[in-house]
Amino acid sequence: MKSSYRFLIVLTLLMLSAFPVLAQTAGTTSTLLGTVTSEGSAIPGVLVTASSPSLQGTRTSITGESGGYTIAALPPGQYTVQFSLEGMQTVTKRVTLSLAQQSRVDAELKVGSVAESITVTAAAPAVLESTQLGANFNQSDVDKLPVARNVRQTVLLAPGVNPNGVNNQITIQGAPSYENIFMVNGVVVNENLRGQPHNLFIEDAIQETTVLTGGISAEYGRFTGGVVSTVTRSGGNDFTGSFRDSLTNPDWTETPDLAGATAPPDVTNQVYEATLGGRIIRDRLWFFGAGRQAKTSQARATFRTGLGYVNGFDEKRYEGKLTGQVTARHNLMASYLDVTNTESNNSLAPIYDFASIVPTRQLPNSIATATYNGIFTNNLLAEVAWSQKEYQFINSGGTFTDRIRGTWIEDSVTAGRMNAPVFCGVCGPEARNSDSIGAKATYFLSTRAIGNHNIVAGADRFSETRESNNYQSASQYQISARVARVPGTNDVVPVFGSGTQLSWRPIFVLSPGTDLSSDAFFVNDRWDLNSRLSFNLGVRYDVNDAVDADGTVVSDDSNFSPRLGVMWDVRGDGRHRVAANYGRYVAKITDGSNVTSTAQAAGQPALFTWNYTGPAVNAIDAQGNLVGNPTSSAEALAILFNWFDSIGGTANTGFVSSTYPGYSSRFPESLASPSVDEFTLSYGMQLGANAYVKVDGTHREWGNFYAAQLNSPTQRLTPPNGIANDVTYTVNDDEYTERTYNGISLQGQWRRARLNLGGNYTWSTLKGNDVAEGAGTATIRNTPGEIYYPEYLNYAQRRPMGYLGQDRRHRARFWAGYDFDTPIGNFNVSALESYDSGFAYSAIGSIDATGRNANFRYAGVATNPGYTLSAAGQLHDYYFSERGAYRTNARLATDLALNYSLPIWGRVTFFARGDVLNVFNTQEVVDPSLINTSVTTSRTGGATVLNADGTIRTLNSGLRPFNPFTETPKECPQGASAQQCYDMGAHYQLSSAFGTPSSQDALQVADRSLAPRTYRVTLGFRF
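An account of the accompanying structure is given in this report.

Cut-off values and rules
- Residues numbered from 1 in each chain as written.
- Predicted model: local features only at pLDDT ≥ 70, side-chain atom pairs only at ≥ 80, totals over all residues.
- Heavy atoms only, no water.
- Core = buried A, V, L, I, M, F, W, Y, C linked by side-chain atoms within 4.5 Å.
- Buried < 20%, exposed > 50% of the residue type's maximum accessible area, 1.4 Å probe, protein only.
- Helix = DSSP H or I, 4+ residues; strand = E, 2+ residues; numbered from the N terminus.
- Contact = heavy atoms within 4.5 Å.
- Phe/Tyr/Trp six-rings, centres within 6.5 Å; stacked < 30°, edge-to-face > 60°.
- Lys NZ or Arg CZ within 6 Å of the ring centre and 35° of its normal.
- Disulfide = S-S within 2.5 Å.
- Pairing = 2+ DSSP bridges.
- Polar contact = N/O pair within 3.5 Å; in protein donor to acceptor, adjacent residues only side chain to side chain.

1. Some points on the nonpolar core
Item 1. Phe137, Val155 and Val161 are the most contacted members of the largest nonpolar core, which has 27 residues in total.
Item 2. Residue assignment for this core shows that the elements contributing at least two residues are β11 (133–138), α3 (151–155), β14 (181–184), β16 (206–214) and β22 (330–346).
Item 3. Discounting chain neighbours no more than four positions away, the residues touching valine 155 are Val161, Ile170, Phe182, Thr209, Val211 and Val228.
Item 4. Counting 26 residues, the second largest nonpolar core, distinct from the first, contains Tyr788, Tyr858, Leu869 and Phe962.

2. Notes on the side chain of asparagine 782
Item 1. Secondary-structure assignment places asparagine 782 in the loop between β47 (755–768) and α5 (790–793).
Item 2. Aside from chain neighbours lying at most four places away, what touches asparagine 782 is Phe705, Tyr706, Ala707, Ala708, Thr737, Asn769, Asp770, Val771 and Arg799.

3. Topic: the packing of aromatic side chains
Item 1. Throughout the structure, instances matching the rule amount to 42 aromatic pairs.
Item 2. Where phenylalanine 243 meets tyrosine 272, the ring centres are 6.2 Å apart and the plane angle is 25°; that geometry is what we call stacked. Here phenylalanine 243, found in strand β18 (residues 240–248), pairs with tyrosine 272, found in strand β19 (residues 269–281); they are 29 residues apart in sequence, far enough to count as distant.
Item 3. The exposure class assigned to phenylalanine 243 is partly exposed, which follows from its relative accessible area of 40%.
Item 4. Overall, tyrosine 272 belongs to the partly exposed group, its relative accessible area being 31%.
Item 5. The ring of tryptophan 702 carries the charged tip of arginine 739 above its face, separated from the ring centre by 5.6 Å.
Item 6. The side chain of arginine 808 reaches across the aromatic face of phenylalanine 839, ending 4.1 Å from its centre.

4. A word on the state of the cysteines
Item 1. Evaluated as defined, the whole model comprises 2 disulfides.
Item 2. What pairs with cysteine 424 in a disulfide is cysteine 427, and their sulfur atoms sit 2.0 Å apart. Of note, the bridge from cysteine 424 to cysteine 427 carries an S-S torsion of about 75° and is right-handed in sense.
Item 3. Take cysteine 427: its relative accessible area is 27%, and that puts it in the partly exposed class.
Item 4. Disulfide pairing is shown between cysteine 972 and cysteine 981; the S-S distance is 2.1 Å. Residues cysteine 972 and cysteine 981 share a disulfide whose torsion about the S-S bond is about -80°; that sign makes it left-handed.

5. A short note on the sheet that holds strand β42 (residues 705–709)
Item 1. Taken in spatial order, the 3 strands of this open sheet run β39-β45-β42, and their pairing is mixed. The strands lining the two open edges of the sheet, one partner per strand, are β39 (665–666) and β42.
Item 2. Two strands pair when backbone bridges link them, and β42 and strand β45 (residues 728–733) are joined in this way by 5 bridges, in the antiparallel orientation. Paired with alanine 708 across the bridge in β45 is threonine 730.

6. Re the sheet that holds strand β15 (residues 187–188)
Item 1. A sheet is described by the order of its strands in space; here 5 strands give the open sequence β11-β16-β17-β14-β15, paired in mixed fashion. Since the sheet does not close on itself, it has two edges, and those belong to β11 and β15, each with one partner.
Item 2. The pairing of β14 with β15 spans 2 bridges and is antiparallel. Bridging across to β15, methionine 183 finds its partner in valine 188.

7. As for the environment of asparagine 395
Item 1. In this fold, asparagine 395 is placed in the loop between β25 (380–393) and β26 (408–411).
Item 2. Under the relative-accessibility criterion, asparagine 395 is labelled partly exposed at 31%.
Item 3. For the pair asparagine 395 and proline 359, spaced 36 residues apart in sequence, the C-alpha to C-alpha distance is 9.3 Å.
Item 4. Non-local contacts of asparagine 395, meaning those with residues more than four positions away in its chain, are made with Val358, Thr360, Arg361, Gln362 and Gly425.
Item 5. Here glutamine 362 takes part through its side chain, which lies 3.1 Å from a polar atom of the side chain of asparagine 395.

8. Things to note about the environment of aspartate 245
Item 1. Assignment of secondary structure puts aspartate 245 in strand β18.
Item 2. When its relative accessible area of 11% is taken as the criterion, aspartate 245 is described as buried.
Item 3. Sequence separation of aspartate 245 and serine 41 is 204 residues, and the distance between their C-alpha atoms is 57 Å.
Item 4. In this structure aspartate 245 touches Gln270, Val271, Tyr272, Val1017, Thr1018 and Leu1019, once residues within four positions along its chain are discounted.
Item 5. Side chain to side chain, aspartate 245 and glutamine 270 meet in a polar contact 2.9 Å long.

9. Structural notes on the side chain of lysine 588
Item 1. Tracing the backbone shows lysine 588 in the loop between β36 (576–586) and β37 (607–611).
Item 2. Within the structure, the side chain of lysine 588 is placed 3.0 Å from the side chain of glutamate 464, a separation counted as a polar contact.
Item 3. Discounting chain neighbours no more than four positions away, the residues touching lysine 588 are Arg222, Phe462, Glu464, Asn544, Pro674 and Tyr706.

Here's what the structure looks like:
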């Protein structure tokens, strides 16, 4: 009873002690724990000493009443653990502590001489030691595999992880790609707007990476997917260093096997890396430094005009880290990583001319962190961490603010741009920054009555801000018109006449920046009741406070997140373990322009559009070529703006449309944070001393989706122009939106002498009707027809349930490596086998459910109850198939790496590496956004389109409109003529190219990790 009271008192004190100090403090260290027994009975008072080349000095603990001990906040690495007690034999064990993992080392002491020592190796993998799901990758192992050595490619080796988000972004256990946490040295490196991790690391400086995918401790929050933690090296008592040159070339990738594919340019890119670490004061002060320089370039060409140019990056990364031991019980660590990145010839494709290129822009990025940990008693340790991340866009846009050189022109048919870059590069930088501070205390309690408790309690605050004035052009004007090619040249000129529109995009209120913060308090107890039964008992309390750039409260929300787990050692020998978890994960409010910024005016451009009625300028034929003598762009724009000034310029209120930011959407109440409930069931088995297998099952259901609500016909917002808008409310929706994930993962590893085998397989389904993200902006508000213009849009095939675009049924990664020595050096041969089943996609066509479009007027259109229909548009999705009815082909690929090293002088070793990716050159779609999914309806069949040869034509599909509420549309066979479609009364027709790649980019991703056969080479030295 006294032990129980003491447990409750300590728990309360821990939470109170953490409260005053509001960095996610978890994720940079490891925990060692275990139990000491003799002849089956627990032994209190045993001195446990941990030492390692990764640790300054040693750390000690003393076993408690039930023989348990713990040593927290240890840097990951190879450890020697010694157990000693007077009158007992001293036992020494060796163990590898993995990042953000708990490792158990138990000892059995025997009565005998204290001089005797028994040395054994602890081989139980950390993945079997806790209820958490995930994987750990040491960089020394990753270096041998035929993968890029960066964080992204390492994470993609883990089970439950996919590159199937928008733009091939990483998803974990079915979550949107922006709802994962990526950390480097404890600093969150996610980019604010889209949530993607920045490359704030130097590959040769990485020590290891841990991927947590389920059963995650209450120490972690602000996610619904997973947590990735990477730690870099920290120096040591011995001096170490390296220099590496990595060579790639676009020409070393086979040309995609697709009609019209162009051969890549022959340009060798080199990436230089260097590291140096060591001691300043032995066991007291260590240093580590690293640098990376990469000058990369790729050949590009302008759209239709074929003007060649080179897009390049000159990126330099610098890292410095100091690790110090103030006293034997107090330690400090500080690190800083700075990235200078200059991009030349940036463009927002497609562009027609060089005037649309940004000559140079800067993308500076940096992270800084400082941590402290102190041991106050053998059982109590405290940690404090601070971090900061800064990121900017500088000169990212046009540099001329006058109306002639600063106005870009968009082709109204092809969307190609000319005359000036998009955005403004001289209107101030855009900043996306974040910072965090946090503290936690770890207390170990060992009692005979209630077992061992490793209790962690703490608090953290995470804040981020985005300061952005979204100028669409340097002049604040843009033009929509036709663009003509000048015959016999690569030049283009604008065509002004009927159909030309001029838009003015001023920003009336400059942005002071958004302000999003998340405070959290947590307690988590790893409770070992006895040698066979253990629990993870945790709870996290998150408070979100989000304010947009207008100062409007977007969210003032709080949530409790329980994290509960249980593990049963079936036979009590650590060989067979069964575990189960229930947890709730709560995300922060996303700083996405489709959520946080939906109601703000600050930093957002207005839009006023006038139809041009001035003199005709230039003329165009049906093939898009100029007719007659050209009038230059400067002369044409001078004519257009002279006309505009003659009608009063921006004071003219005869615009055909206008949009005032801040006058279309509102937050009726505080947004609740998106969340997910998770259930997991696991079984793990250790096979001998060097192998294990583990199977994990996961079920997840999301809630509190972002949604747009517009179902009150009488609600209006009236901007200064007096034209009322329907009010859209940004709300949460759980009734009409669903997202459900089910997955089973199998992973295993076997190490024996020179052989290393490992891998994993994941089967999963992702179902629902939640479309959470888009290619342009991460976050998307769902628009359920039940609450968004329900009279017009609540038809069954607008948002049907089914397989979501991120669904990937099967994914497997298996690798093998073998080391062998020869008289001419040491070799390692490694292979990686990858299997990915196809992506899901659907046949989606456009209709006009409001019946206003001239090509889609159907019988039975609902009577307008009073909407202005200002937000409804005339373009609405209709699923002509089940959601996810189609699949791309599966991809099977073999990658090989040959590693070579040769000692040349003392500790200096020369090394070389060659990779062949996709050895058998299998080419399948890896970017589903570039699949042709065109579905023609009468709404789109009358459109003017661009043919593949560059000519223009007007479609006449012969398709008929239909009532989406009462009729089942009829398909016209592919290849049938317009007359045949009409005669059969058809309503839609799949493109003849439906389901095929729309460009060669569909067969490879930007970093070429998924591409046709590719070669890479690395050379360097290390000591």
